[in-house]
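Survey of secondary and tertiary structure
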Amino acid sequence: MKLPTIGAAVLAAAMTLAAGHLTAQSPPQQTPAQDDSEKEIERYRQMLSDPFSNPGFLAVDRGEALWAEKRGPKNVSLEGCDLGEGAGKLEGAFAKLPRYFADSDKVMDTEQRLLWCMEKLQHLDTKDVVARRFSGPGRASDMEDLTAFIANKSSGMKIEPQLGHAKEIEMAAVGEELFYRRGGVMDFSCATCHAEDGKRIRLQGLPNLSVKGATAQATMASWPTYRVSQSALRTMQHRLWDCYRQQRWPVPEYASDSLTALTLFLQAQAAGGEIAVPSIKR
């Protein structure tokens, strides 16, 4: 049975309904066993951090080839795509996404903008591209590879959320409402897991993204990432999709305005964080 998608309806509702923020609670105290587990997890992360052994860079290479490949009825590449810094200019573009684009009159994240360029510049039918939005065994994802390539061009740069246009401000506000909006059969929100210090699921620490600063910076600056447990590179679109799935919400629509709004809010929380992608995670 196909589940309903999160899209325009949730976006419209979030614009008009103020979500109830969670009551602040004192962070739980770490036990000695938890401290030991955290140290071992950090040691594991350090073992994975060698960029020369990170398979995520294979996705970067594939994305570079896709960027220059001529496709579609127009037989043109994506090199004419404007990601905000000018046609074909990639350095620093990812650090400022999502952002407002006048030619589409809307705020777009990386994947939304790529799909727009495929359709408008290449006249490419993106149905197959969207069907392969997330890679799997024997199935490559153009979107993951392209996003990895584009994001890598901003490595070493600071996250610089764009909030100068009225629609950017509106989208960030919608994203904040979505972050606190409870729903689904579990009555969960993003804030259920990510609005307190010291929370975890099993051995996985849960970053507190409700406050601006180092934790939000380190989290957002590390996506896209290569997930060892999934043997695949994953983007923030996949991370948010998987979070909603685990909350037992309806499946989010890929490249929807609601996910872009949530991403812009999280980028605003992480402003100034130094991008280092693709990273590598459990």
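Note: the structure precedes this text.
Residues numbered from 1 in each chain as written. Predicted model: local features only at pLDDT ≥ 70, side-chain atom pairs only at ≥ 80, totals over all residues. Heavy atoms only, no water.

In this section: the overall build of the chain. When its secondary structure is counted, the chain shows 11 helices and nine strands. Within the chain, contacts between residues separated by at least 24 positions form 69% of all contacts whose residues are at least 6 apart in sequence. Summing over all exposed atoms, the chain offers an accessible surface of approximately 14,000 Å²; the carbon and sulfur share of this is 54%. (Helix = DSSP H or I, 4+ residues; strand = E, 2+ residues; numbered from the N terminus. Contact = heavy atoms within 4.5 Å. Areas by Shrake-Rupley, 256 points an atom, 1.4 Å probe, with all protein chains shown as cover.)

Let's shift gears to unusual backbone geometry. For the bond from L97 to P98, the omega torsion is 0°, close enough to zero to count as cis. As for its position among the elements, P98 is in the loop between α3 (56-68) and β2 (99-101). Omega for the peptide link from W223 to P224 comes to 5°, which places this bond in the cis form. By the element assignment, P224 lies in the loop between α9 (214-220) and β6 (225-227). If you check the backbone angles, N75 has positive phi at about 50° while not being a glycine. Phi is positive for D105, which is not a glycine, with a value near 55°. Structurally, D105 is set in the loop between β2 and β3 (106-108). Residue classification places D105 among the partly exposed residues on the basis of a relative accessible area of 41%. (Buried < 20%, exposed > 50% of the residue type's maximum accessible area, 1.4 Å probe, protein only.)

Spatially, the three strands line up as an open sheet ordered β7-β6-β9, and their pairing is mixed. Each having just a single partner strand, β7 (232-234) and β9 (279-281) make up the two edges of the open sheet. Adjacent strand axes in the sheet meet at a mean angle of 35° when their direction is disregarded. (Pairing = 2+ DSSP bridges. Axes fitted to C-alpha atoms, helices over the stretch in contact; angles between N-to-C directions.)

Take the side chain of T110 next. Within the secondary structure layout, T110 lies in helix α4 (residues 110-120). Excluding its chain neighbours within four sequence positions, the residues that come into contact with T110 are F94, L97, T147 and I150.

Bringing the nonpolar core into the picture now. Judged by nonpolar contacts, the single largest core of 60 residues is most densely connected at W67, M118, I150, F179, L262 and L266. Discounting chain neighbours no more than four positions away, the residues touching M118 are R71, L78, H123, L124, T126, V129, M143 and L146. (Core = buried A, V, L, I, M, F, W, Y, C linked by side-chain atoms within 4.5 Å.)

So, on to the pattern of salt bridges. By the definition in use, this model includes 15 salt bridges. Between D257 and K106 there is a salt bridge whose closest N-O contact spans 3.1 Å. A residue pair is termed long-range when its members are at least 10 positions apart, and D257 in helix α11 (residues 257-269) and K106 in strand β3 qualify at 151 residues. Taking the shortest distance from any N to any O, the salt bridge between K199 and E196 comes out at 3.9 Å. Take K199: its relative accessible area is 25%, and that puts it in the partly exposed class. (Salt bridge = Lys/Arg side-chain N within 4 Å of Asp/Glu carboxyl O.)

As a further point, take the state of the cysteines. Under the criterion given, the structure shown has one disulfide. Disulfide pairing places C81 opposite C117 at an S-S distance of 2.1 Å. Across the disulfide from C81 to C117, rotation about the S-S bond amounts to roughly 70°, and the bridge is consequently right-handed. With C81 in the loop between α3 and β2 and C117 in helix α4, this pair connects stretches of sequence that are 36 residues apart. Comparing C81 with C117, the two get one shared label, buried. With no disulfide of its own, C193 lies 7.7 Å from the sulfur of C243, the closest cysteine sulfur. C243 carries a free sulfur, and the closest cysteine sulfur to it, the one in C190, is 6.7 Å from it. (Disulfide = S-S within 2.5 Å.)

Turning our attention to the packing of aromatic side chains. In the structure shown here, the tally under the stated rule is six aromatic pairs. Centroid distance W67 to F149: 6.4 Å. Interplanar angle 55°. Geometry classified as tilted. Here F149 lies in helix α6 (residues 142-152) and W67 lies in helix α3, a separation of 82 residues in the sequence. Under the relative-accessibility criterion, W67 is labelled buried at 5%. Taken together, the ring pairs connect F134, W241 and Y254 into an aromatic cluster. Seen from the ring of F101, R113 lies directly overhead, with NZ or CZ sitting 3.9 Å from the centre. (Phe/Tyr/Trp six-rings, centres within 6.5 Å; stacked < 30°, edge-to-face > 60°. Lys NZ or Arg CZ within 6 Å of the ring centre and 35° of its normal.)

These figures capture arrangement, not role.
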